[in-house]
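The residues making up each chain are set out below.
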Amino acid sequence: MPPATRASERVRIAVAIIAWCGVLLQLWLSLKIAAGNGKTWPTGLVAYFGFFTVITNWFVAVLFTLPSLGWKSGLVAWLGRHSVAGCATTAILLVGLVYHFLLRELWNPQGAQWLAYGIMHYVVPAGVLIWWWLESHETALQWSMPLRWCSYPFIYLGYVMVRGEFTDSYPYPFINVNDIGLSRALLNAAGLIAVFLVLGFGVYGIARLRKPRGEQA
């Protein structure tokens, strides 16, 4: 096994463990908050799975755990490991950037919540980026992959908009239809997808750069 691959495997395992710690800690906190507000645990779960941060950290946790389980078939194998991982890498980088530049000043988490936020918004994105850089990327990625990866935020945004119609709540202020109106929310959503696309091409560029010599597509 090449040294870079050995290093990427160590990082993958570490990221998987940290991501699981983050999502499970946040799950416990979300259910605790729901109970403290007199709400049921299903209500807490609905709120928990409304966040792009949570869903994407779950995506990373599961994807980075599967190789350790010897999982060789199914959706990831069909689409190609690096294709799906590229989507996850792009999404988790968006998580970190949006939190740092748009949301960090709006919230003041304390204690366990501060730890969960730090793991999901900073540690996991940084770990995934390091892993993506260390990967040898023997599998060719097509230039159109970042365009396909955009289906992930599209599906999420469609989900939260429909969810908001039923729950009358939105997970993030920049897509809160109740506060800023549908037109502004959709404009902000389009901007986020544009940022996702730019990040996606950056992730694709890293894969091209790190591809073994003589194998550039």
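Our structure is the block above this text.
Residues numbered from 1 in each chain as written. Predicted model: local features only at pLDDT ≥ 70, side-chain atom pairs only at ≥ 80, totals over all residues. Heavy atoms only, no water.

> Mind showing me how you'd approach the pattern of salt bridges here?
Oppositely charged side chains may form a pair once their charged atoms are brought near each other. Enumeration over the complete set of coordinates arrives at 2 salt bridges. For R12, the salt bridge goes to E9, with nearest N and O atoms at 3.0 Å. Placement of both R12 and E9 in helix α1 (residues 3-36) is noted, with a separation of 3 residues, approximately one turn of the helix. With its nearest N and O atoms 3.3 Å apart, the salt bridge here joins R104 to E105. (Salt bridge = Lys/Arg side-chain N within 4 Å of Asp/Glu carboxyl O. Helix = DSSP H or I, 4+ residues; strand = E, 2+ residues; numbered from the N terminus.)

> Honestly, helix α10 (residues 182-210) in this entry has me stumped. Any pointers?
Given 3.6 residues per helical turn, the α-helix brings residues three or four places apart onto the same face. Spanning 29 residues, α10 covers 42 Å between terminal C-alpha atoms, matching the ideal 42 Å at 1.5 Å per step. Taken together, the buried positions of α10 are A185, N188, A189, L192, I193, F196, L199, G200, V203, Y204, I206 and A207. (Expected span 1.5 Å × (residues − 1). Buried < 20%, exposed > 50% of the residue type's maximum accessible area, 1.4 Å probe, protein only.)

> What is the right way to look at the state of the cysteines in this model?
A covalent bond between the sulfur atoms of two cysteines is what we call a disulfide. For the structure on display, the rule yields 0 disulfides. The cysteine C87 is free of any disulfide, with C150 supplying the nearest cysteine sulfur at 8.7 Å. Relative accessible area serves as the criterion here: at 9%, C87 is assigned to the buried category. Among the residues examined, C150 registers a relative accessible area of 6% and is labelled buried. (Disulfide = S-S within 2.5 Å.)

> When you look at the packing of helix α8 (residues 151-167) against α10 in this model, what are you seeing that I'm missing?
Between two packed helices, what matters for the description is the angle formed by their axes and the separation of those axes. One can describe the packing of α8 onto α10 by two numbers: an axis separation of 10 Å at closest approach and a directional angle of 160°. One element, α8, and the other, α10, form an angle in the roughly antiparallel class. Both α8 and α10 take part in a crossing whose hand is right-handed. Of α10, the residues touching α8 (which contributes P153, F154, L157 and M161) are A185, L186, A189, I193 and F196. (Axes fitted to C-alpha atoms, helices over the stretch in contact; angles between N-to-C directions. Parallel < 35°, antiparallel > 145°, perpendicular 65-115°, else oblique. Left-handed = near helix turned anticlockwise from the far one by under 90°. Contact = heavy atoms within 4.5 Å.)

> Would you mind showing me how to read unusual backbone geometry here?
Most peptide bonds are trans, and most residues other than glycine sit at a negative phi. With a phi close to 60°, D168 is a non-glycine residue in the positive phi region. Position of D168 relative to the elements: it lies in the loop between α8 and α9 (177-180). Assessed through its relative accessible area of 53%, D168 is described here as exposed.

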